[in-house]
Amino acid sequence: MLNIILCGAPGSGKGTQSGYIAEKYGLKHLSTGDVLRAEIAKGSELGKKIDALISEGNLVPDDMMYGVIENYIASLPQDCKGTIFDGYPRTVSQAESLTELLKKYGMEAIMIDLLVDEQLLIQRLIERGKMSGRADDNLNTIRHRIAVYHNQTEPIAHYYLHHGNYCPVNGNHAVEDVFLQIKRIIENYGR
Ligand code: B4P
C-alpha cells in the first residue's frame, strides 16, 4: 500500500498535485481542507465554529481533526491501494497521531514536502481568490496563514526527517514539473 502525506504552505499546490497523484496511481485522496469546507457548507453548529477559524486563517483544533482521520482510516476498504493525506498533518501532534494510527492498521507513509517561495505563495493564493470565493484567500488572511504555517506546520519536517521518511520537492516550478519530481520519489519508494 502506498500512503503519501502531502505537506506544504498554503498555496504550495497540495490540492493540485493530489489530483494528479490520485489519478496516476489509483490512490484515495483525503483533503482535510475539503472535509472542513463540506462541514461549513452544511451550516451545522460545528460548521459555524470551523468557518470562524478558517476565515481568520487559523487551524482547526487537533482533537477535532483526529476524529476525522480516525474514522477515515478505520473505514478504508480492503482493496484500497493507498491514500494521499492532503493537508494532514499540520502540527507535530497531528503527525504523532497519524504515525500511531497508521501503525495500528499495519501501515506507513512517506512525507512529500512542497517547498515554495513566500512571494509565489501569495501570488498564487491571490489569483485563486479571484475565482474560489474562499474567505481565506485575501491578503491579510494569507499572511496570517503563512505565519501559522511557519509556527505550527513547518516543524513537522524535522519530525519526518527524524523518522527517515522525509522527501522535499521544489514546488516553485510549473505544475507538470513538480509532478515529475513527485513521480520520481514515488517510483523509487521501497526500491
Ligand atoms: P487547504 O484546503 O488544505 O488548502 P491550502 O493550503 O490553501 O492550499 P493548497 O496547498 O492545497 O493549494 P492549491 O493546490 O489549491 O486548507 C485550508 C484551511 O483548512 C487551512 O488554512 C486550515 O484552516 C484548515 N485545515 C485544513 N487541514 C487542517 C488540519 N489538518 N488541521 C487544522 N486545520 C486544517 O494551490 C493554490 C493555487 O496555486 C491554485 O490556484 C493552483 O491552481 C495554483 N498552483 C498550484 N500549483 C501551482 C504551480 N506549480 N504553478 C502555478 N500555480 C500553481
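Throughout what follows, the structure given in this document is the object of discussion. (Residues numbered from 1 in each chain as written. Predicted model: local features only at pLDDT ≥ 70, side-chain atom pairs only at ≥ 80, totals over all residues. Heavy atoms only, no water.)

With 5 of 6 residues buried, strand β4 (residues 110-115) lies mostly within the body of the structure. Of the pairings in the sheet, the one linking strand β1 (residues 4-8) to β4 comprises 5 bridges and is parallel in character. Among the inter-strand pairings, I5 is bridged to a residue of β4, identified as M111. Examined bridge by bridge, β4 and strand β5 (residues 166-170) share 5 bridges and lie parallel to one another. Of the residues in β5, the one forming a bridge with M111 is Y166. (Buried < 20%, exposed > 50% of the residue type's maximum accessible area, 1.4 Å probe, protein only. Helix = DSSP H or I, 4+ residues; strand = E, 2+ residues; numbered from the N terminus. Pairing = 2+ DSSP bridges.)

Moving on, we get to the nonpolar core. Among the nonpolar cores identified, the biggest contains 27 residues, and I5, I73, F85, L98 and Y160 are the most heavily contacted of them. For this core, the secondary structure elements donating two or more residues are β1, α3 (45-55), α4 (62-74), α5 (92-104) and α8 (156-163). In this structure F85 touches N3, I4, I5, L6, L30, Y72, I73, L98 and L102, once residues within four positions along its chain are discounted. Ranked by size, the runner-up nonpolar core spans 18 residues in total, among them Y25, I110, L114 and I182. (Core = buried A, V, L, I, M, F, W, Y, C linked by side-chain atoms within 4.5 Å. Contact = heavy atoms within 4.5 Å.)

Tallied over the full model, the rule gives 3 aromatic pairs. A ring pair is formed by Y20 and F179, whose centres lie 5.3 Å apart and whose planes are at 50 degrees; its orientation type is tilted. Of the two residues, Y20 is situated in helix α1 (residues 14-25) and F179 in helix α9 (residues 175-188); the sequence distance between them amounts to 159 residues. According to the relative accessible area criterion, F179 is buried, its value standing at 10%. (Phe/Tyr/Trp six-rings, centres within 6.5 Å; stacked < 30°, edge-to-face > 60°.)

Before going further, it helps to spend a moment on the side chain of D136. Among the secondary structure elements, D136 is positioned in the loop between α6 (118-132) and α7 (139-153). Side-chain polar atoms of D136 contact the side chain of R134, separated by 3.1 Å. Residue contacts for D136: discarding those within four places in its chain leaves I54, T141, I142 and R145. (Polar contact = N/O pair within 3.5 Å; in protein donor to acceptor, adjacent residues only side chain to side chain.)

The tally for this structure, following the rule as stated, stands at 9 salt bridges. When the shortest N-O distance is used, the salt bridge between E100 and K103 registers 3.7 Å. Remark: K103 and E100 occur in helix α5; sequence separation between them is 3 residues, near one turn of the helix. When the shortest N-O distance is used, the salt bridge between D136 and R145 registers 3.7 Å. For the pair D136 and R145, one class covers both residues: buried. What emerges from the salt-bridge pattern is a single network uniting R128, R134, D136, D137 and R145. (Salt bridge = Lys/Arg side-chain N within 4 Å of Asp/Glu carboxyl O.)

What follows is about the packing of α1 against α9. Look at α1 against α9: their axes get within 10 Å of each other, and the N-to-C directions meet at 50 degrees. Between α1 and α9, the interaxial angle falls into the category oblique. The two elements α1 and α9 meet at a crossing, and its hand is right-handed. Listed contacts from α9 to T16, Q17, Y20, I21, K24 and Y25 of α1 are V175, E176, V178, F179, I182, K183, I186 and E187. Each residue belonging to the contact of α1 with α9 can be placed in one class, and the counts come to 8 nonpolar, 2 polar and 4 charged. (Axes fitted to C-alpha atoms, helices over the stretch in contact; angles between N-to-C directions. Parallel < 35°, antiparallel > 145°, perpendicular 65-115°, else oblique. Left-handed = near helix turned anticlockwise from the far one by under 90°. Nonpolar A, V, L, I, M, F, W, Y, C, P; charged D, E, K, R; others polar.)

Keep in mind that these numbers describe shape and distance, not what the molecule does.
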